[in-house]
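# A structural walkthrough
The chain contents come next:
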Amino acid sequence: MAHWDDSTDELVVRARGGDGAAWARLVERHSGLLWSIARSHGLNDADSGDVVQTTWLRLVERIDGLRDPAATACWLATTARNESLRLVRRRGRDLPVVPAPRAPEPGPDEVVLSREQVGLVGAALDALPRRCRTLLRLFALAPSQAELAAALGIPVGSVGPTRARCLDALRRLVP
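Residues numbered from 1 in each chain as written. Predicted model: local features only at pLDDT ≥ 70, side-chain atom pairs only at ≥ 80, totals over all residues. Heavy atoms only, no water.

## Points about the environment of leucine 26
With respect to the helices and strands, the residue leucine 26 is situated in helix α2 (residues 20-40). Residue class for leucine 26 comes out buried when judged on its relative accessible area of 0%. As a C-alpha pair, leucine 26 and alanine 15 span 11 residues in sequence and 8.7 Å in three-dimensional space. (Helix = DSSP H or I, 4+ residues; strand = E, 2+ residues; numbered from the N terminus. Buried < 20%, exposed > 50% of the residue type's maximum accessible area, 1.4 Å probe, protein only.)

## Points about the pattern of salt bridges
The tally for this structure, following the rule as stated, stands at nine salt bridges. Measuring nitrogen to oxygen at the nearest pair gives 3.3 Å for the salt bridge that ties glutamate 83 to arginine 58. Placement of glutamate 83 in helix α4 (residues 72-90) and of arginine 58 in helix α3 (residues 45-62) is noted, with a sequence separation of 25 residues between them. Look at glutamate 83 and you get buried, because its relative accessible area is 9%. (Salt bridge = Lys/Arg side-chain N within 4 Å of Asp/Glu carboxyl O.)

## So, the state of the cysteines
Summed over the entire model, instances satisfying the criterion amount to one disulfide. One disulfide in the model links cysteine 132 with cysteine 166; its S-S distance is 2.2 Å. Given an S-S torsion of about -75°, the disulfide between cysteine 132 and cysteine 166 has left-handed geometry. You can see cysteine 132 sitting in helix α6 (residues 130-139) and its partner cysteine 166 sitting in helix α8 (residues 156-173), a full 34 residues away along the chain. Given a relative accessible area of 12%, cysteine 132 falls into the buried group. (Disulfide = S-S within 2.5 Å.)

## Some details on the confidence of the model for the chain
Averaged over the chain, the pLDDT score is 80; the fraction of residues at 70 or greater is 81%. When mean pLDDT is compared element by element in the chain, α3 scores highest at 90, while helix α5 (residues 113-127) scores lowest at 72. (pLDDT = per-residue confidence, 0-100.)

## Focus on α3
Given a rise of 1.5 Å per residue, 18 residues ought to cover 26 Å, and the 26 Å separating the end C-alpha atoms of α3 matches this to within 8%. Within the sequence span of α3, burial applies to Asp47, Ser48, Gly49, Val51, Val52, Thr55, Trp56 and Leu59. Tucked into the core, α3 has its buried residues touching α2 and α4. (Expected span 1.5 Å × (residues − 1). Contact = heavy atoms within 4.5 Å.)

## Examining the side chain of threonine 162
Residue placement: threonine 162 occurs in helix α8. Take threonine 162: its relative accessible area is 8%, and that puts it in the buried class. Residue contacts for threonine 162: discarding those within four places in its chain leaves Arg131 and Leu135.

## Some remarks on the packing of α3 against α4
Across the interface, α3 lies against α4 with an axial gap of 9 Å and an inter-helix angle of 130°. Between α3 and α4, the angle is such that the two are oblique. Like other packed secondary-structure pairs, α3 and α4 cross with a definite hand, here right-handed. Taking contact as the criterion, the partners of Asp47, Val51, Thr54, Thr55, Trp56, Arg58, Leu59 and Arg62 in α3 are, on α4, Thr72, Trp75, Leu76, Thr79, Ala80, Glu83, Ser84 and Leu87. A class-by-class count of the residues in the contact of α3 with α4 yields seven nonpolar, five polar and four charged. (Axes fitted to C-alpha atoms, helices over the stretch in contact; angles between N-to-C directions. Parallel < 35°, antiparallel > 145°, perpendicular 65-115°, else oblique. Left-handed = near helix turned anticlockwise from the far one by under 90°. Nonpolar A, V, L, I, M, F, W, Y, C, P; charged D, E, K, R; others polar.)

Here it is, written out as structure tokens:
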């Protein structure tokens, strides 16, 4: 029986042996991150689903050749990023530029202070450069800095300082 605290490398070893529960646990554990990576490239739901499905297919095809099962999460993140970029290039699309939405101006009786603050933070997040928005959104889903680095295509040592700069920029935008 698979447990949430099973390590990824244990799950990979069991999945290699045909353990369906281990496969299900791997998918459950890492699909959210894969979806986030695909969506961070501006892909719609259908294209994001294709990226996630292709990423899992690549793992099925290559699971026996993985030298370090513990690095599977990073491998998945990198594969999802590469598949997303391949799909964006194949479709001939540039990454979309999404204008920051205007923060609503609710009346004092309509919204509590906490909701207003959430709206301000959301608007500030949308006003950040794309790289910062992506890093901060993926940070919430990536279980480790190594996986986040793989998803973003940056060195692991850059994650912390880049995150700190992005958070500083976000703080300056929140009134």
